[in-house]
Amino acid sequence: MAQSTSKSALKFVVILGIVSLCADATYEGARSITGAYLGVLGASGFVVGLVAGLGELIGYCFRLFIGYLSDQTRKYWRITTIGYALNTAVVPLLALAGTWQVAAWLMIGERTGKAIRTPPRDVLLSHAALRLGGGFGFGLHEALDQIGAVMGPLAVAAVVYYQGGYQGGFAILIVPAIVGMIVLLIGQRIYPNPRDFEHQTSELTGKGLPRKFWIYLGAVAFMAAGFADFPLIAYHFQTTAIATGNTIPLLYALAMGVDGIAALVFGRLFDRIGISILIVAAVLSSLFAPLVFLSNINLAVLGIVLWGIGMGAQESILKAAVAAMVPIEKRGSAFGIFNTGYGLSWFLGSALMGILYDRSINALVVFSIIIQLVAVPILLFVNRSGSRN
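Cut-offs and rules
Just so you know, the residues in each chain are numbered from 1, in the order the chain's sequence is written. In view of the model being predicted, local features appear only for residues whose pLDDT reaches at least 70, and side-chain atom pairs are presented and counted only at 80 or more, with totals across whole chains, interfaces and linings using the full set of residues. As a rule here, side-chain values come from all non-hydrogen atoms in the structure, and water together with hydrogens is ignored. Only DSSP runs of H or I with at least four residues qualify as helices, and only runs of E with at least two residues qualify as strands; both kinds are numbered from the N terminus onward. Between the two quantities, the radius of gyration covers C-alpha atoms and the globule rule is 2.2 Å times the number of residues to the power 0.38. Whether a residue is buried, partly exposed or exposed follows from its accessible area with a 1.4 Å probe, protein chains only, as a fraction of its type maximum: under 20%, in between, or over 50%, in that order. Every residue pair with non-hydrogen atoms within 4.5 Å of one another is taken to be in contact. In this description, accessible areas are obtained by the Shrake-Rupley approach with a 1.4 Å probe, and a residue is regarded as covered only by the protein chains that are shown. All tallies of charge rest on Lys and Arg as positive and Asp and Glu as negative; His and the ends of each chain are not included. In plain terms, the charge of a residue is placed at NZ if it is Lys, CZ if Arg, CG if Asp and CD if Glu. Take a side-chain nitrogen of Lys or Arg and a carboxyl oxygen of Asp or Glu: if they are within 4 Å of each other, that pair is a salt bridge. Residue-level confidence of the predictor is summarised by pLDDT, bounded by 0 at the bottom and 100 at the top. To get an axis, a line is fitted to the C-alpha atoms, and for a helix only the part in contact is used. The angle between two axes follows their N-to-C directions and goes from 0 to 180 degrees. By the definition adopted for this analysis, an angle is roughly parallel if under 35 degrees, roughly antiparallel if over 145, roughly perpendicular if from 65 to 115, and oblique otherwise. Note: crossing handedness is left-handed where the near helix turns anticlockwise from the far helix by less than a right angle, and right-handed where it turns clockwise. Residue type decides the class: Asp, Glu, Lys and Arg count as charged, Ala, Val, Leu, Ile, Met, Phe, Trp, Tyr, Cys and Pro as nonpolar, and the leftover types, Gly among them, as polar. Grouping buried Ala, Val, Leu, Ile, Met, Phe, Trp, Tyr and Cys residues that are joined through side-chain atoms within 4.5 Å yields what is termed a nonpolar core. Whenever a nitrogen or oxygen atom comes within 3.5 Å of another N or O atom, the pair is scored as a polar contact, on the condition that within protein one atom can donate a hydrogen and the other can accept it, and that pairs from neighbouring residues in sequence are kept only if both atoms are in side chains. Under the convention used throughout, the expected extent of a helix is 1.5 Å for every residue step, that is, one less than its residue count. As used here, the arc belongs to the directions running from the helix axis to the C-beta atoms. For this analysis, a ring pair means two rings from Phe, Tyr or Trp (six-membered ring only for Trp) whose centres lie within 6.5 Å, classed as stacked if their planes differ by under 30 degrees, edge-to-face if by over 60, and tilted for the remaining angles.

Caption draft 1: Looking closely at the overall build of the protein. Within the protein, the secondary structure is distributed over 16 helices and zero strands. Over its C-alpha trace the protein gives a radius of gyration of 20 Å, about what one expects of a compact globule, namely 21 Å for 389 residues. Principal-axis analysis of the C-alpha atoms gives the protein an extent of 55 × 45 × 30 Å. Within the span of the protein, comprising 389 residues, buried residues form 62% of the whole. Sequence separation of at least 24 residues holds for 87% of the intrachain contacts in the protein that already meet a minimum separation of 6. Total accessible area computed for the protein in this model is approximately 14,600 Å², and 68% of it derives from carbon and sulfur atoms. One finds the centroid of the 25 positive side-chain charges in the protein at a distance of 6 Å from the centroid of its 17 negative side-chain charges.

Caption draft 2: Quick look at the side chain of Glu 142. Position of Glu 142 among the secondary structure elements: in helix 5 (residues 134–163). Here Glu 142 is buried and forms no salt bridge, its nearest opposite-charge partner Lys 319 lying at an N-O distance of 5.8 Å. Here Glu 142 is in contact with Asp 259, Gly 260, Ala 263 and Glu 315, once residues within four sequence places are set aside.

Caption draft 3: Representation of the confidence of the model for the protein in the model. Of the residues in the protein, 94% have a pLDDT of 70 or more, and the chain-wide mean is 83. Residue range residues 201–206 is modelled with pLDDT below 50. Its contacts to residues more than four positions away, or to other chains, number seven contacts.

Caption draft 4: Structural detail: the packing of helix 8 (residues 211–225) against helix 13 (residues 297–325). Packing of helix 8 against helix 13 brings their axes to within 10 Å, and their N-to-C directions diverge by 165 degrees. One element, helix 8, and the other, helix 13, form an angle in the roughly antiparallel class. Of the two possible hands of crossing, helix 8 and helix 13 adopt the one that is left-handed. When helix 8 is examined against helix 13, the residues Lys 212, Phe 213, Tyr 216, Val 220 and Met 223 are found in contact with a partner set consisting of Gln 314, Ile 317, Leu 318, Ala 321, Val 322 and Met 325. Each residue belonging to the contact of helix 8 with helix 13 can be placed in one class, and the counts come to nine nonpolar, one polar and one charged.

Caption draft 5: Fine view of the packing of helix 14 (residues 331–359) against helix 15 (residues 361–373). Contact geometry for helix 14 and helix 15: axes closest at 6 Å, N-to-C directions at 150 degrees. As summarised for this structure, helix 14 and helix 15 are arranged roughly antiparallel, according to the angle between their axes. Between helix 14 and helix 15, the contacting residues are Gly 349, Leu 352, Met 353, Leu 356, Tyr 357 and Arg 359 on the first element and Ile 361, Ala 363, Leu 364, Phe 367 and Ser 368 on the second. For the contact of helix 14 with helix 15, the residue count by class is eight nonpolar, two polar and one charged.

Caption draft 6: Structural context of the pattern of salt bridges. On inspection of all chains with the given rule, the structure shows five salt bridges. Its salt-bridge partner being Asp 122, residue Arg 121 comes within 3.0 Å of it at the nearest N-O pair. Grouping residues by exposure puts Arg 121 and Asp 122 together as buried. We note a salt bridge from Asp 122 to Lys 319, for which the minimum N-O separation is 3.6 Å.

Caption draft 7: Up close: the nonpolar core. Core analysis: the largest hydrophobic core is formed by 118 residues, its most contacted members being Tyr 216, Phe 288, Phe 293 and Trp 307. Top element by residues in this core is helix 13. It accounts for 14 residues. Ignoring sequence-local partners within four residues, the contact set of Phe 288 consists of Gly 226, Phe 227, Ala 228, Ile 233, Phe 293, Gly 303, Leu 306, Trp 307, Ser 368 and Gln 372.

Caption draft 8: Examining the side chain of Asp 71 more closely. With respect to the secondary-structure elements, Asp 71 resides in helix 2 (residues 45–73). Among the polar contacts listed, one links the side chain of Asp 71 to the backbone nitrogen of Gly 332, at a separation of 3.1 Å. Other than its neighbours up to four places away in sequence, Asp 71 contacts Tyr 76, Glu 329, Lys 330, Arg 331, Gly 332 and Ser 333.

Caption draft 9: Region of the structure containing the environment of Gly 113. With respect to the helices and strands, the residue Gly 113 is situated in helix 4 (residues 100–132). Residue Gly 113 is classed as buried on the basis of its relative accessible area of 0%. Sequence spacing of Gly 113 and Ala 85 is 28 residues, and the spatial spacing of their C-alpha atoms is 7.3 Å. For Gly 113, the residues in contact, after removing those within four places along its chain, are Gly 83, Leu 86 and Asn 87.

Caption draft 10: Layout of helix 15. The end-to-end C-alpha distance of helix 15, which contains 13 residues, comes to 19 Å, matching closely the 18 Å that a straight helix rising 1.5 Å per residue would cover. Taken as a whole, helix 15 has its buried residues at Leu 364, Val 365, Ser 368, Ile 371 and Gln 372. The arc that holds the buried residues of helix 15, viewed along the axis, is 150 degrees, so those residues lie on one side.

Caption draft 11: Representation of the packing of aromatic side chains. Under the counting rule described, the total for this entry stands at 15 aromatic pairs. Between Phe 230 and Trp 307 the ring centres are 5.8 Å apart and the planes differ by 55 degrees, which places this aromatic pair in the tilted class. Here Trp 307 lies in helix 13 and Phe 230 lies in helix 9 (residues 230–240), a separation of 77 residues in the sequence. Comparing Phe 230 with Trp 307 shows no difference in burial state: the two are buried. Aromatic pair Tyr 235 and Tyr 357: ring centres 5.8 Å apart, planes at 70 degrees, arrangement edge-to-face. Taken together, the residues Tyr 235 in helix 9 and Tyr 357 in helix 14 connect sequence positions 122 residues apart. Under the relative-accessibility criterion, Tyr 235 is labelled buried at 12%. Three or more aromatic residues joined by ring pairs make a cluster, and in this case those are Tyr 216, Phe 227, Phe 230, Phe 288, Trp 307, Phe 338, Tyr 342 and Trp 346.

Take a look at the structure:
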């Protein structure tokens, strides 16, 4: 059937990529200023790190349930739609937040919406991505995703510059939120059964997830724990005057642009040489912390570039590897478990780095470097075990 062709699979990836483009323009535009915004509203460095990490924790832990629910109900499209609606609807409301507590709850609500839509969306995407090549399929989606992640912060930066406040920057993001929902509904109507893209379907054996998946998840957990969330970086730039409220969104846009390019490059390399390319990405991203937190603006920009490389690799390769490791019938659950482990590690790392920031930035940098590099020998083991299979 026509839907099973590679050309049709590519179109489907592009449609989901456009949806993610609009969603990212919405919530990444907001995230480019939420750290600074919380600081303006009176939050401390610990609060910024805690809110960022708590939002990720709640969101990622919720994915465990959502992933299982998706596999059990097979309502991948319906759950995805609900998640996108919540994920983008709460962002413009940040313009009305008068206290950091209200802003924090809205930020957590946005993360919850992302949690609802991500596991079923990744399952839908995996059907077409594996048809094209897992790394390239997920990488192309991430690249489109990051176009929005660049456009959103740029739009926010322009509004903040001309209006002199953060509220207008949040309000303008209602536009991509609406456009993204329209494209999502159109895509659902055109491709109601994306599973048809798979070359073949796996039989439901009743077995659990493979041992390799759990070891791989351990490596990913270390990578996540040492990877600072941007709100803490923005808070550092704001409080140390390394960058102004007008330029912080531009730095975030730079990171998102690098993210998109890295996703395509590392995705292609993953299809050719496998998971070993993730080791290269882990080593590169481990160098961002000293450049961002201990340097002047010029080296901080280089640190932002390395941070973007790490994000691009994580958003493309990590998911492609999971899709290739697990049976099709358990893919939703696998993505849910994977995202929960990733998010729990991100929360613990973000909270600890928030505490360390208020006490010793040097300690924060040392922690970030070491904990990310711990993942390298584990990834080497996963790579060798994959070669033997």
